[in-house]
Amino acid sequence: MAEAVRRLRVGTPRVTFYVVCTLLVAVWLIPLVIAVFTSLKSMDEIMSSKVMWAVPRVWAFENFVRVWAEVGMSRYVLNTLIITIPSVVGTLLISSLGAFALAFYRFRLNRAVLVVFVAGMLIPFQMLMIPVFRFSDSLRIINTFPGVILFHVAFQLGFCTFFLRNFMRQIPYSLLEAPRIDGASDFTIFVRIILPLCVSSMAALAVLEFTWIWNDLLWSLVLLQSDALKPVTLGLANMQGEFISNYNLTAAGSLIAASIPLVFFLAFQRYFIEGLTVGAVKG
Amino acid sequence: MRLGKRWWVPWAFLALPLAMYAIWVIAPIVESMVFAFTKQDSIMYGARFIGLRNFARLFSDPTFFLALRNNLAWLILFVLLPVPLGLFIAMLFNNSYGGNKLYKTLFYLPMTLSFTVIGTIWAWIYHPDFGALNSLLRGVGLPGLTRQWLGDKRYMTFALIAVGIWRQVPYVMILYLAGLNGVPPELVEASMVDGASWLQRLRHVVLPLLAPATVVAMTISVIDSLRAFDIVYVMTNTKARAAEVLASFMYSSAFHYSDYGYGSAIAVIQFLITFGFIIFYISRTFRSEIEQ
């Protein structure tokens, strides 16, 4: 009887659930399985068997070593880290200032400012490309890391401000009243009371932002020309041109590019999902 | 809310974020709108005002209509397929069986990958000789259905959209799962006791309750479909113009053909099309707050 009630609640019968889910996940992940197998085969094996989903006969781990060292994947990964980490930290800190103002102060343009932040994050990037290039060039930060980082920080402010402001509004106002009566300044309240309460939501935001900025292709394409500065997405796109027929190396390169966001996702999955549903927007 | 009494305090907090946003996002939008009325062969110098001529040229440019048509295909398929699929899969996952979490984690994986990685991987699926898709078709005795997926103008756009959908479905599913969290199980149970069929339950109980999630999922999918760029760039290298969408058409016009005014005009059209959906999304998002 207890079992019957449970089944009613959940809807899908247990057997159906396992059969359908196994099939679904298997089909959905075929592309990734093919990538893993391809990255571990020699070119001879790929050309002779012609079946991309076959398990490698000889596991060629040296493909990863070659791509990392000879093809220069290590440099691209390092460049991506140099771009991504300061961008995430910067956008979190700066957006928390704006979110605080929008969450706790009543002023005439409050709603208008919020709408501007939200609308900005949804517009097509093509509207920004030429002017941002020109601006960066006139400031002489085109083709430099700070140029890309500053852009990412600024552009991601839209989503982060919206996200943090929504979170801060749930903080009970009474928490702010005591320090207020004690004569604490607004900035002290922000740093001492609000920021510590936002740690978990900022962690969720950091996971999302890290993935988005890590995966960015377009802005590196526009703002970085020199090969020495290219991030892993752009390096991989170039590699496809250069090593067009070395499927095993491109596969190994793809997996290296995917590995860090993947590890991040697996470690912080709960935050990742929370972040996506709170804002209901993505990049 | 009501914290400080001095009017300038919130503006002091907003100064840095607003200034950065104004410089890198708002001013560029205005600038692009101005550039759309100019002719400019160098990105930095020599803009000449030419009125509406860029737009007139667009409306007699077959590539523009091709991009527009392709974008329309992206938009329609991005709403028609990921939204019901995401809902179906979310309902499938909406239980507490053992292993549920693991299945979900695996299913989410594509969302964490960059389009460069995704494009690289899918290029092998579509490879005409030993790609998985054609091998599969030959294997099940349908060799007549094999195609040059990325080489044939007729199939290219659809091959790219399929890749986009592959990544979009898990995302829509997340939105629906969050929506299902708010559906009281008693309601669904009550309709089960009534003897309503699965389809009736879906139509009369679940779908109305999930309407807000559906609106968000659809709007986001539309906005995403209009922003499609990375997949097209990586998988066709924008050389094969048959798969061009507005975003990639703008990129190649400006950055390959150094036609910056023309590129800006394309961006403005793209912006105008998206704008309506953005307004709709914002009014939906804030409606509940205004009612409070």
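Keep in mind it's a predicted model, so treat the numbers as computed, not measured. Every chain is numbered on its own, with residues counted from 1 as its sequence reads. Each chain takes a letter, starting from A, and each ligand takes a number, starting from 1, following the order in which they are written. Thresholds applied to this predicted model are a pLDDT of at least 70 for local features of residues and 80 or more for the giving and counting of side-chain atom pairs; totals over whole chains, interfaces and linings are not thresholded and use all residues.

Draft legend 1. Region of the structure containing the overall build of chain B. Numbering goes from the N terminus for both helices and strands, where a helix is a DSSP run of H or I of at least four residues and a strand is a run of E of at least two. When helices and strands are counted, chain B shows 14 helices and two strands. Expressed along its principal axes, the backbone C-alpha trace of chain B runs to roughly 75 × 75 × 30 Å. Evaluated residue by residue, chain B yields a buried proportion of 44% over its 292 residues. Our contact criterion uses C-beta atoms placed from the backbone: two residues qualify when those atoms are within 7 Å. By sequence separation, contacts in chain B at least 24 residues apart represent 68% of the contacts at least 6 residues apart. Exposure is read from a count of other C-beta atoms within 10 Å of each residue's own; the residue is exposed at 12 or fewer, buried at 20 or more and partly exposed in between. C-beta atoms are placed from the backbone.

Draft legend 2. Seen up close, the overall build of chain A. From N to C terminus, chain A includes 15 helices and zero strands. A compact globule built from 283 residues would reach a C-alpha radius of gyration of about 19 Å, whereas chain A, at 24 Å, exceeds it by more than 25%. Taken over the C-alpha atoms alone, chain A extends approximately 75 × 75 × 30 Å along its principal axes. The buried share among the 283 residues of chain A stands at 48%. Of all intrachain contacts in chain A linking residues separated by at least 6 positions in sequence, the fraction that spans at least 24 positions is 74%. Here the globule rule reads 2.2 Å times residues to the power 0.38, and the radius of gyration is calculated from C-alpha atoms.

Draft legend 3. How the structure looks around unusual backbone geometry. Residue and element names in this part refer to chain A. At Arg140, a position not held by glycine, the phi torsion is positive, near 60°. Topologically, Arg140 is positioned in the loop between helix 7 (126-138) and helix 8 (145-168). C-beta crowding within 10 Å serves as the criterion here: with 9 such atoms nearby, Arg140 is assigned to the exposed category. A positive phi is found at Asn143, a non-glycine position, where the angle reads about 60°. What makes Asn143 partly exposed here is the crowd of 15 C-beta atoms within 10 Å.

Draft legend 4. Looking closely at the nonpolar core. Ranked by internal contacts, the top residues of the largest apolar core, which has 176 residues, are Ala154 of chain A together with Tyr176 of chain B. Take this core: its biggest share by element is 15 residues, from helix 8 of chain A. Here this core spans two domains, since at least three of its residues come from each of domain 1 (2-60) and domain 2 (67-279) of chain A. With sequence-adjacent residues up to four places away left out, Tyr176 of chain B is seen in contact with Gly86, Leu87, Ala90, Leu210, Ala213 and Ala217 of chain B. Buried Ala, Val, Leu, Ile, Met, Phe, Trp, Tyr and Cys residues form a nonpolar core when they are connected through C-beta atoms within 7 Å. Domain extents, as shown, originate in an automatic or database domain assignment.

Draft legend 5. Fine view of the interface of chain A and chain B. Facing the 87 residues of chain A at the interface are 83 residues of chain B. Ranked by residues supplied to the side of chain A that touches chain B, first place goes to helix 2 (residues 14-39) of chain A with 14 residues. Partitioned by chemical class, the residues of the side of chain A that touches chain B number 62 nonpolar, 17 polar and eight charged. Basically, the charged four are Asp, Glu, Lys and Arg, the nonpolar ten are Ala, Val, Leu, Ile, Met, Phe, Trp, Tyr, Cys and Pro, and anything else, Gly included, counts as polar.

Draft legend 6. Broad picture of the packing of helix 5 (residues 73-104) of chain A against helix 8 of chain A. Residues and elements named next belong to chain A. What counts as an axis is a line fitted to C-alpha atoms, over the stretch in contact for a helix, and the angles between N-to-C directions run from 0 to 180 degrees. As a packed pair, helix 5 and helix 8 sit with axes 6 Å apart at the nearest point and diverge in direction by 40°. The orientation of helix 5 relative to helix 8 falls into the category oblique. Note that helix 5 runs across helix 8; the crossing there is right-handed. Along the lines of polarity and charge, the residues of the contact of helix 5 with helix 8 split into 18 nonpolar, nine polar and one charged. Working rule for angles: under 35 degrees goes down as roughly parallel, over 145 as roughly antiparallel, 65 to 115 as roughly perpendicular, anything else as oblique. Left-handed describes a crossing in which the near helix is turned anticlockwise from the far one by less than a right angle; the clockwise case is right-handed.

Draft legend 7. The arrangement of helix 3 (residues 62-80) of chain B in detail. All names here are of chain B. With 19 residues, helix 3 extends 27 Å from end C-alpha to end C-alpha; this agrees with the ideal 27 Å at 1.5 Å per step. Phe64, Ala67, Asn70, Asn71, Trp74, Leu75 and Phe78 are the residues of helix 3 that are buried. Looking straight down helix 3, one finds its buried side chains confined to an arc of 145°; they lie on one side. What points out from helix 3, more than 90 degrees from its buried face, is the exposed set Pro62, Phe65 and Leu80. To estimate how far a helix should reach, multiply one less than its number of residues by 1.5 Å. Directions are taken from the helix axis to each C-beta atom, and the arc is the one they span.

Draft legend 8. Fine view of the domain arrangement of chain A. Residue and element names in this part refer to chain A. The domain architecture assigned to chain A consists of domain 1 (2-60) and domain 2 (67-279). The straight-line distance from the C-alpha centre of domain 1 to that of domain 2 is 32 Å. In terms of residues, the side of domain 1 that touches domain 2 owes the most to one element, helix 2, which gives four residues. Looking at the side of domain 1 that touches domain 2 residue by residue, the classes come out as five nonpolar, three polar and one charged.

Draft legend 9. Broad picture of the environment of Ile273 of chain A. On the secondary structure map, Ile273 of chain A appears in helix 15 (residues 269-279). Counting along the chain gives 66 residues from Ile273 of chain A to Val207 of chain A, while the straight-line C-alpha distance between them is 9.8 Å.

Draft legend 10. Representation of the packing of helix 8 of chain A against helix 11 (residues 199-214) of chain A within the structure. Residues and elements named next belong to chain A. Contact geometry of helix 8 with helix 11 gives a least axis separation of 11 Å together with a crossing angle of 150°. The angle between the axes of helix 8 and helix 11 places the two elements in the roughly antiparallel class. The way helix 8 lies across helix 11 gives a crossing that is right-handed. Contacts between helix 8 and helix 11 pair His152, Gln156, Cys160, Phe163, Leu164 and Phe167 from the former with Ser201, Leu205, Glu209 and Ile213 from the latter.

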